[in-house]
Amino acid sequence: MAAAAPDPVDALLRSGPRRTRLPEPAERSRLRTAYGLTQAEIAEALQVTRTTVAGWEAGRSEPQGATRAAYAKLLEGIAGQLAAGAPPSPTAPAAENPSARPGQAASDPSAVPVPVTAARAAGAAPLAAQPSGDAPRGDARRGGEPPAARTPHAGRRSTGQRDVPRPEGDHGAPDPRFVNGPLAVLDGDGSAYGAGGLVLECPAADVPSLVEWTLTEARLGAPRLHRNGKDADPLVVLTASAAERLGLPAELEDRRGLRLPPDHPVVRRITRAGWQLTQRGFGPWARVFRPAEGGRRQCVQLAVLPWGALDARSWGGAAGLPAPELARTLAAYASRVLTPRGSTAVSGLELMTALRPPTRPVKDPATGAWVSGPNPGALTGPVDPAPPEAPDEHPVVAALHPRGHLRTPDQVLDEEAYDWIRDPELLTDTECAQPYAVGVDVNMAFAAAANRLTVGLGEPVHVKAPAFDKALPGCWLVDLSGIDLDPRLPSPFTPHGGRPEGPAWYATPTVAYAVELGHAVAPLEAYVRPEHGPYLDAWYTRLRDAYLATMGELGVVPGMPEDEFLAAMERHKRTDPARVALLSAIKATVKGGIGKLRERPQGAGYRPGERWPALERPTWRPDIRAAVIATARVNMHRKMLRLAAVGLHPIAVLSDCAVYLSDGPGPPDFLPYTPDGKPLPGGFRLGVSPGMVKHEGTQTLMWAAELLEDGHNPARHIKGTDAAADGE
């Protein structure tokens, strides 16, 4: 009997696979990053381009032939070594980071991790840029894994590290969608510097290509700060050379509008590529976007340094930092505050919304579908102010008064910071014998005032002859002119420190302080907000923590003895220019954010009585601004009143700075202490925490007396410069 013919299918199976098997694309990237290699290094070894390796890791293409076999051998070898050694850690321990400052967590994206080459030389396990696992669900549009990080060219002021540490405060794995951090600083040679010394290669030569690269390859962005909020759009900061490479002019010709004209080649190119600009156009801070797809935003923010994107009044010398240092500074701000979204004032306002979003998903009881609903405790929609709270240009004021009308105190709420000087005729002989004028400044005064402050959330309700309720936010028409106070102190009821002259409008904190001082109040009318809550608490906490973390890196920490604190404050601005710039920006975010709550109309074409764009946002709330400033002023007066009880009176006050005459040149020479050497309870206390004070400056008695005689405020110039010009 003839033997059966062999089964051709079995023969093929017995011959084994003729094509080398490779791991899945996401695993290829994981193995490479866990081993500490860049796509460029793999490309060089396999004699292909970096873009080709990126395509393999994204699943867009596959290697063939001998290249495929070599790639498989490399990945198999990496996997074997990783399996045999210690598991890679996503971040370097603090002890292994010689560049970390005291108190700086290894999870800080602004920290500089140990270089991969150094880690290998020491026998340490290579650092991982991201955790193992598959690519995030629904992220295929973004083009797979991040582009290669590489060591910068020789001569660059960068450590050349390539591993991305976790976002600050995140004790779990980094968000796989944003493994390269929140932002990048793009230089003219295509180097995009990110957090932790990361350097990406950006091939883009025009703005549309840059936007595409950012959204598909760069893997930049930051997760939302609140579960009902939105993820932060990626930010790309353009140096002067990068702006030139992308076809942008060295400076804007339109100095009023601060934007490129609509017919500029860059704007036309953006439009032809199917992208859009916001109504603000292409200015120092530009947003390039397309409508969202599948619930995913398609937006990139650009900051153009040569156009003044980083204002020196807020950011100090940040714009002059080398690109790697600037990236470190901006990444720290993004981690501690939020990704910059314009000026520090804009960022301060946006932080409020990011921490308390106006809406949340709710289930429609009729349909069972999830819909957008108001978020309790948030500002959920724009509301018109009460007439006293509105600035002169507002339509509610235009409807009550003719154009050019000068409103009187019984028609307008005037809650502003102090600007007061004492009458020099009231200086005593004892005070005139003291040779020094010493200023103390309250740390983060407006932030401290926002802490635990109850503010209105909804619309104002007008009531006649109400009983005063300190728990009810609003403004009150009340006569406080009959209250007698020491003329050597500013009145707590007016910004100029003079005595009120009749009925006037006051925010709740001011009237509550009058009651605290023991005076009966009888409001004539009020605009109150029954819906209220501590809207700014989370905002205060985040900015406080950012401020203290940065001060700690500059060598100033809570609990220091007074002499050590004063010495540390004397030298802290000479420690690290990048961190000094970061500190300046954090403080400017506080003041700017509060000020932005009452943004005035802008532009030469505006006419009083017309609405302006800021009125349409929920965070246009002059009543909240008034409440914060009133609280800060009351807090200042409460401390000054406590010092007055032991015979100490200021000669000048400007916002959060008070100037006292002293026998010695420092604050300890005049601040009162208890018999056991502790600061006087309720008075000014030296320290770094918000609400405590620092030494602002010292001048001579004669210097201060001359300013008082001329009607100028010594507190404005006590440190040798104009405090207002310095952003203080």
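This text follows the structure it describes.
Here is a short report on the structure shown in this document. Given the structure is predicted, the values throughout are model-derived calculations rather than measurements.

## Let's talk about the overall build of the chain
Right, on to step 1. For the chain, the helix and strand inventory stands at 22 helices and 20 strands.
Right, on to step 2. Counting the 728 residues in the chain, one finds 51% classified as buried.
Right, on to step 3. In the chain, once contacts between residues fewer than 6 apart in sequence are set aside, the share between residues at least 24 apart is 72%.
Right, on to step 4. For the chain, the exposed area adds up to about 32,400 Å²; of that, 53% sits on carbon and sulfur atoms.

## Points about unusual backbone geometry
Right, on to step 1. We note that arginine 219 has phi near 55 degrees; this positive angle belongs to a residue other than glycine.
Right, on to step 2. Looking at the secondary structure, you find arginine 219 in the loop between helix 7 (207-218) and strand 4 (235-238).
Right, on to step 3. Take arginine 219: its relative accessible area is 2%, and that puts it in the buried class.
Right, on to step 4. In this structure, alanine 465 is a non-glycine residue whose phi angle is positive, near 45 degrees.
Right, on to step 5. Relative to the elements of secondary structure, alanine 465 occurs in the loop between strand 13 (461-464) and strand 14 (474-479).

## What to know about the sheet that holds strand 19 (residues 657-662)
Right, on to step 1. The strand order 10-18-19-11-20 describes an open sheet built from 5 strands, whose pairing is antiparallel. Each having just a single partner strand, strand 10 (419-421) and strand 20 (693-700) make up the two edges of the open sheet. With direction set aside, neighbouring strand axes in the sheet form an average angle of 20 degrees.
Right, on to step 2. In the packing of helix 20 (residues 622-644) onto the sheet, the strands contacted are strand 11 (436-442), strand 18 (652-654) and strand 19, and the crossing angle to strand 19 comes to about 15 degrees.

## Details of the pairing of strand 6 (residues 285-293)
Right, on to step 1. Two elements, strand 5 (residues 276-277) and strand 6, share 2 bridges in a ladder whose sense is antiparallel. Counterpart to glutamine 276 in the pairing with strand 6 is phenylalanine 289.
Right, on to step 2. In this structure, strand 6 lies alongside strand 7 (residues 296-304), joined through 7 bridges in antiparallel fashion. Paired with arginine 287 across the bridge in strand 7 is glutamine 301.
Right, on to step 3. If you look at the hairpin formed by strand 6 and strand 7, you'll find 2 residues sitting between the two strands, and glycine 294 has a positive phi there, around 60 degrees.

## A closer look at the pattern of salt bridges
Right, on to step 1. This model, assessed by the stated rule, comprises 37 salt bridges.
Right, on to step 2. Between glutamate 393 and arginine 600 there is a salt bridge whose closest N-O contact spans 3.1 Å. Within this pair, whereas glutamate 393 is found in the loop between strand 9 (370-374) and helix 13 (395-398), its partner arginine 600 is found in the loop between helix 19 (577-596) and helix 20, the two being separated by 207 residues in sequence.
Right, on to step 3. For glutamate 599, the salt bridge goes to arginine 617, with nearest N and O atoms at 2.9 Å. Of this pair, glutamate 599 sits in the loop between helix 19 and helix 20 while arginine 617 sits in the loop between helix 19 and helix 20, and the two are 18 residues apart along the sequence. The pair formed by glutamate 599 and arginine 617 is uniform in burial state, with each residue classed as buried.

## Describing the packing of aromatic side chains
Right, on to step 1. Following the criterion strictly, the structure yields 10 aromatic pairs and no others.
Right, on to step 2. Consider the rings of tryptophan 56 and tyrosine 71, whose centres lie 4.7 Å apart with planes at 40 degrees: the pair is tilted. In this pair, tryptophan 56 is assigned in helix 4 (residues 50-58) and tyrosine 71 in helix 5 (residues 65-84), connecting sequence segments 15 residues apart.
Right, on to step 3. A relative accessible area of 0% means that tyrosine 71 is categorised as buried.
Right, on to step 4. Ring centres of tryptophan 505 and tyrosine 527 lie 5.7 Å apart, and the angle between their planes is 40 degrees; on these two criteria the pair is classed as tilted. Taken together, the residues span a long stretch of sequence, with tryptophan 505 in strand 15 (residues 503-507) and tyrosine 527 in strand 16 (residues 525-528) at a distance of 22 residues. Each member of the pair, tryptophan 505 as well as tyrosine 527, carries the same accessibility label: buried.
Right, on to step 5. Taken together, the ring pairs in this structure connect Tyr606, Trp612 and Trp620 into an aromatic cluster.

## Points about the packing of helix 3 (residues 39-46) against helix 4
Right, on to step 1. Two elements in contact, helix 3 and helix 4, have axes separated by 8 Å at closest approach and are oriented at 110 degrees. As summarised for this structure, helix 3 and helix 4 are arranged roughly perpendicular, according to the angle between their axes. Packed against helix 3, whose contacting residues are Gln39, Ala40, Ile42, Ala43 and Leu46, the element helix 4 presents Arg50, Val53, Ala54, Trp56 and Glu57 at the interface.

## What about the side chain of glutamate 525?
Right, on to step 1. With respect to the element layout, glutamate 525 can be found in strand 16.
Right, on to step 2. One buried charged residue, glutamate 525, forms no salt bridge at all, with the nearest opposite charge on lysine 464 at 4.0 Å.
Right, on to step 3. Of note is the side chain of glutamate 525, whose polar atom sits 2.6 Å from the side chain of histidine 462.

## A closer look at the environment of threonine 214
Right, on to step 1. Relative to the assigned elements, threonine 214 resides in helix 7.
Right, on to step 2. A relative accessible area of 0% places threonine 214 in the buried class.
Right, on to step 3. A sequence separation of 21 residues divides threonine 214 from leucine 235, and the C-alpha atoms of the two residues are 8.8 Å apart.
Right, on to step 4. A polar side-chain atom of threonine 214 sits 2.7 Å from the main-chain carbonyl oxygen of leucine 210.

## Focus on the sheet that holds strand 14
Right, on to step 1. Here we have 4 strands laid out as an open sheet, ordered 13-16-14-15, and antiparallel in their pairing. Since the sheet does not close on itself, it has two edges, and those belong to strand 13 and strand 15, each with one partner. Strand-to-strand, the axes of this sheet are offset by a mean angle of 20 degrees, without reference to chain direction.
Right, on to step 2. With respect to the sheet, helix 16 (residues 508-516) is in contact with strand 14 and strand 15, its orientation differing from that of strand 15 by roughly 105 degrees.

## As for helix 9 (residues 265-272)
Right, on to step 1. Every buried residue of helix 9 is accounted for by Val266, Val267 and Ile270. End-on view of helix 9: buried residues confined to an arc of 100 degrees, all on one side of the axis. Seen from the buried face of helix 9, the exposed residues on the opposite side, beyond 90 degrees, are Thr271 and Arg272.
Right, on to step 2. The elements touched by buried residues of helix 9 are helix 7, strand 5 and strand 6.

## Considering the packing of helix 12 (residues 344-355) against helix 17 (residues 537-553)
Right, on to step 1. Contact geometry for helix 12 and helix 17: axes closest at 9 Å, N-to-C directions at 120 degrees. With respect to helix 17, the axis of helix 12 lies oblique. Like other packed secondary-structure pairs, helix 12 and helix 17 cross with a definite hand, here right-handed. Note on element contacts: helix 17 touches helix 12 through Ala538, Trp539, Arg542 and Leu543, opposite Gly348, Leu351, Met352 and Leu355.
Right, on to step 2. Residue composition of the contact of helix 12 with helix 17, by class: 6 nonpolar, 1 polar and 1 charged.

## Regarding the nonpolar core
Inside soluble globular proteins, nonpolar side chains tend to come together where they are buried.
Right, on to step 1. Of all hydrophobic cores here, the largest spans 86 residues; its most connected members are Leu326, Trp539, Met640 and Phe684.
Right, on to step 2. Discounting chain neighbours no more than four positions away, the residues touching phenylalanine 684 are Val440, Val442, Met636, Lys639, Met640, Leu643, Ala658, Tyr660, Leu671 and Val693.

The rules we used
- Residues numbered from 1 in each chain as written.
- Predicted model: local features only at pLDDT ≥ 70, side-chain atom pairs only at ≥ 80, totals over all residues.
- Heavy atoms only, no water.
- Helix = DSSP H or I, 4+ residues; strand = E, 2+ residues; numbered from the N terminus.
- Buried < 20%, exposed > 50% of the residue type's maximum accessible area, 1.4 Å probe, protein only.
- Contact = heavy atoms within 4.5 Å.
- Areas by Shrake-Rupley, 256 points an atom, 1.4 Å probe, with all protein chains shown as cover.
- Pairing = 2+ DSSP bridges.
- Axes fitted to C-alpha atoms, helices over the stretch in contact; angles between N-to-C directions.
- Salt bridge = Lys/Arg side-chain N within 4 Å of Asp/Glu carboxyl O.
- Phe/Tyr/Trp six-rings, centres within 6.5 Å; stacked < 30°, edge-to-face > 60°.
- Parallel < 35°, antiparallel > 145°, perpendicular 65-115°, else oblique.
- Lys, Arg positive; Asp, Glu negative; His and termini not counted.
- Polar contact = N/O pair within 3.5 Å; in protein donor to acceptor, adjacent residues only side chain to side chain.
- Arc of directions from axis to C-beta.
- Left-handed = near helix turned anticlockwise from the far one by under 90°.
- Nonpolar A, V, L, I, M, F, W, Y, C, P; charged D, E, K, R; others polar.
- Core = buried A, V, L, I, M, F, W, Y, C linked by side-chain atoms within 4.5 Å.

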